[in-house]
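Overview (structure and organization)
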Amino acid sequence: MPSPETATAEKAAAAPAISLRGATATLGARPVLRGIDLTVGRGEVVALLGANGSGKSTTIRSVIGQVPLTGGELEIFGTPLARFRDWKRVGYVPQRSTAAGGVPATVREIVSSGRLARTRLRPLGREDKAAVSRALEVVGLADRAKDSVNALSGGQHQRVLIARALAGEPDLLILDEPLAGVDLASQDVLAEALREQVARGSSVLLVLHELGPLAPLIDRAVVLHDGLVERVDHPERLHDLACHPHDTPEAEPASKIETGLLS
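Okay, so let's go over this structure. (Residues numbered from 1 in each chain as written. Predicted model: local features only at pLDDT ≥ 70, side-chain atom pairs only at ≥ 80, totals over all residues. Heavy atoms only, no water.)

Brief notes about the overall build of the protein
Secondary structure summary: the protein contains eight helices and 11 strands in total. For the protein, the residues scored as buried account for 46% of the 263 residues in total. In the protein, the proportion of contacts linking residues at least 24 apart, taken out of those at least 6 apart, comes to 66%. About 12,500 Å² of surface is accessible on the protein, with carbon and sulfur atoms providing 53% of the total. (Helix = DSSP H or I, 4+ residues; strand = E, 2+ residues; numbered from the N terminus. Buried < 20%, exposed > 50% of the residue type's maximum accessible area, 1.4 Å probe, protein only. Contact = heavy atoms within 4.5 Å. Areas by Shrake-Rupley, 256 points an atom, 1.4 Å probe, with all protein chains shown as cover.)

Structure representation (structure tokens):
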């Protein structure tokens, strides 16, 4: 008979990357999430779709603790958020912004900051530097490593932010509108970067307004409307969803989210 410690470890290993049940949240006095259920399995790529104000960004910000839940339950890798401490397993790419926030820094310096959760402020070792170099290669910026981020285009800034997240070698990658305002060439690079990350076994949750080259990577699309899960759709319906998120009558109802009927 396994010990309690072994049983707990086995349960955590089998738990989904994200489990959100009945989640509610407010911004100011306005309810934004009104009872969301969302699961992201190990190695699964899930896209959140919906109109502006539907609760997409608030959902992922609640997962990383930036927006506190007012109700419901949230577990990351089987651990309630209040007790979760293993943040080195989670990579987060916020909505498009300048990579350095106006602070003079090189591309490599920004990407290297993605190792901080693992190094705990100690100098980067050989393994850390190798992870940074791999991340730069994946996003196609190895030749710009010594350049100032202020010299980059908008699409290249987004690549830097993704490389920073990848440098931490996360088991869960969360991205908020990674394609917004990014040129087609950079979108293709970002898609390839995510493809490699998924091949390594990472789980991915991302907010999208348009699917673009990421469509083939997505296992499941969860459509939000007014702070609730409106429905879940099969991957082959993703292009229709992106263009007309509220005009797809054949979509599966939200009641089937956790039943396994969409597998």
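Let's pick the thread back up.
Some details on the packing of helix α5 (residues 126-138) against helix α6 (residues 154-167)
Relative to each other, α5 and α6 sit at 145 degrees, their axes nearing to 8 Å. In terms of crossing hand, the pair formed by α5 and α6 is right-handed. On the side of α5, the interface is formed by Ala131, Val132, Ala135 and Val138, while α6 contributes Ala163, Leu166 and Ala167. Of the residues assigned to the contact of α5 with α6, the class counts are seven nonpolar, no polar and no charged. (Axes fitted to C-alpha atoms, helices over the stretch in contact; angles between N-to-C directions. Left-handed = near helix turned anticlockwise from the far one by under 90°. Nonpolar A, V, L, I, M, F, W, Y, C, P; charged D, E, K, R; others polar.)

Observations concerning the sheet that holds strand β5 (residues 79-80)
Pairing between sheet strands relies on hydrogen bonds along the backbone, with the strands arranged either parallel or antiparallel. On the basis of which strands lie adjacent, the open sheet formed by four strands has the order β2-β1-β4-β5 and antiparallel pairing. Unpaired on one side and paired on the other, β2 (30-40) and β5 mark the two borders of the sheet. Strand direction decides the pairing type here: strand β1 (residues 18-27) and strand β4 (residues 71-76), joined by five bridges, are antiparallel. Counterpart to Leu20 in the pairing with β4 is Leu74. Contacts from helix α2 (residues 56-63) reach β1, β2 and β4, with the element oriented near 65 degrees to β2. (Pairing = 2+ DSSP bridges.)

Let's talk about the packing of α6 against helix α7 (residues 184-199)
Contact pair α6 / α7: the axes reach a minimum separation of 10 Å and the direction vectors enclose 10 degrees. Comparing the axis directions of α6 and α7 gives the class roughly parallel. For the pair α6 and α7, the contacting residues are Gly155, Gln156, Gln158, Arg159, Ile162 and Leu166 in the first and Ser186, Val189, Leu190, Ala193 and Gln197 in the second. Partitioning the contact of α6 with α7 into residue classes produces five nonpolar, five polar and one charged. (Parallel < 35°, antiparallel > 145°, perpendicular 65-115°, else oblique.)

Quick notes on the pairing of strand β3 (residues 45-49)
The element β3 is largely enclosed, with a buried count of five among its five residues. Every second residue of β3 is oriented toward a common face, with Val45, Ala47 and Leu49 on one face and Val46 and Leu48 on the other, all of them buried. Bridge analysis of β3 against strand β8 (residues 203-207) gives four bridges, and the strand direction is parallel. Bridged to Val45 within β8 is Val204. Looking at chain direction, β3 and strand β9 (residues 220-225) are connected through four bridges and run parallel.

Remarks on the nonpolar core
Core analysis: the largest hydrophobic core is formed by 40 residues, its most contacted members being Val111, Leu175, Leu206, Leu208 and Leu214. Elements with a minimum of two residues in this core: β3, α3 (107-112), α5, α6, β7 (172-176), α7 and β8. Formed by 29 residues, the second largest nonpolar core is a distinct cluster that contains Leu33, Val40, Val63 and Val67. (Core = buried A, V, L, I, M, F, W, Y, C linked by side-chain atoms within 4.5 Å.)

Remarks on unusual backbone geometry
With phi around 50 degrees, Phe77 is a residue other than glycine that occupies positive phi space. For Phe77, the position within the fold is in the loop between β4 and β5. Among the residues examined, Phe77 registers a relative accessible area of 3% and is labelled buried. For Glu177, which is not a glycine, the phi torsion comes out positive at approximately 55 degrees. Topologically, Glu177 is positioned in the loop between β7 and α7.

Examining the pattern of salt bridges
Counted under the stated rule, the structure contains 14 salt bridges. In this structure, Arg122 engages Asp128 in a salt bridge whose closest nitrogen and oxygen atoms are separated by 3.0 Å. Given a relative accessible area of 43%, Arg122 falls into the partly exposed group. Of the residues examined, Asp128 reaches a relative accessible area of 3% and is grouped as buried. Several salt bridges converge on common partners, so that one network encompasses Arg115, Arg122, Asp128, Arg134, Glu169 and Arg200. (Salt bridge = Lys/Arg side-chain N within 4 Å of Asp/Glu carboxyl O.)

So yeah, pure geometry; function would need other evidence.
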